[in-house]
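Report on the structure
Given next are the chains, with one letter for each unit.
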Amino acid sequence: MKYYLLTFSVSAQVLAKRAELISYLGRHIADLKYISADLQDRLCTITLRSKRRDEATILNLIAIRGFKASFLSAVESA
């Protein structure tokens, strides 16, 4: 089954509240799965797995919650 690993640059606030945010995103995007959250040299990232390239929807949902994020990359995997 094909899926996408979607990586986003996020604020430190998102990392602090990631459990709440992942639960919120999961209620709106059925096939979304949390993969990881990382902090490297002031760059906070979060990686999610989805069956579709839903980066625009995810960014919109994150913004609705009052957090800042930007899309970094999508990797297709089988």
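This text goes with the structure placed above it.
Counting from 1, residues in each chain are numbered in the order their sequence is written. Owing to the predicted nature of the model, reporting of local features is limited to residues with pLDDT of at least 70; listing and counting of side-chain atom pairs is limited to 80 or more, with chain, interface and lining totals taken over all residues. For side-chain calculations, the full set of non-hydrogen atoms in the structure is used, while hydrogens and water are omitted.

**Notes on the sheet that holds strand β2 (residues 33-40)**
In this analysis, strands are considered paired if DSSP registers two or more bridges between them. We count a stretch as a helix when DSSP gives it H or I for four or more residues in a row; a strand needs E for two or more, and each element gets its number in order from the N terminus. In space, the four strands of this open sheet follow the order β2-β3-β1-β4, with antiparallel pairing throughout. Each end of this open sheet is capped by a strand with a single partner; those strands are β2 and β4 (69-77). Going from strand to strand, the sheet's axes swing by 20° on average, the running direction of each strand aside. Looking at chain direction, β2 and strand β3 (residues 43-50) are connected through seven bridges and run antiparallel. From the neighbouring strand, L39 faces β3, where its bridge partner is C44. Fitting a line to C-alpha atoms yields each axis, with helices limited to the stretch in contact; the angle taken between N-to-C directions then spans 0 to 180 degrees.

**Here we look at unusual backbone geometry**
Residues other than glycine seldom take positive phi values, yet D41 does so here, at roughly 45°. Here D41 lies in the loop between β2 and β3. Throughout, exposure labels follow a simple rule: accessible area from a 1.4 Å probe, protein chains only, divided by the maximum for the residue type, with under 20% read as buried, over 50% as exposed, and the rest as partly exposed. Looking at D41, the relative accessible area reads 81%, which means it is exposed.

**Concerning the side chain of S50**
Residue placement: S50 occurs in strand β3. Among the residues examined, S50 registers a relative accessible area of 1% and is labelled buried. With near-sequence residues (within four places) excluded, S50 lies in contact with Y3, Y4, L6, D31 and L32. Residue contacts are counted whenever heavy atoms from the two residues lie within 4.5 Å of one another.

**Describing the pattern of salt bridges**
A pair can form between side chains of opposite charge whenever their charged atoms are brought close. We count a salt bridge whenever a side-chain nitrogen from Lys or Arg sits within 4 Å of a carboxyl oxygen from Asp or Glu. Under the definition given, this model contains five salt bridges. Across the salt bridge formed by D54 and R52, the nearest N and O atoms sit 3.4 Å from each other. Residue class for D54 comes out buried when judged on its relative accessible area of 11%. For R52, a relative accessible area of 45% translates into the label partly exposed. E55 serves as the salt-bridge partner of R53, at 3.0 Å between the closest nitrogen and oxygen. Overall, the relative accessible area of 16% leaves E55 in the buried class.

Read these as spatial facts, not as claims about activity.
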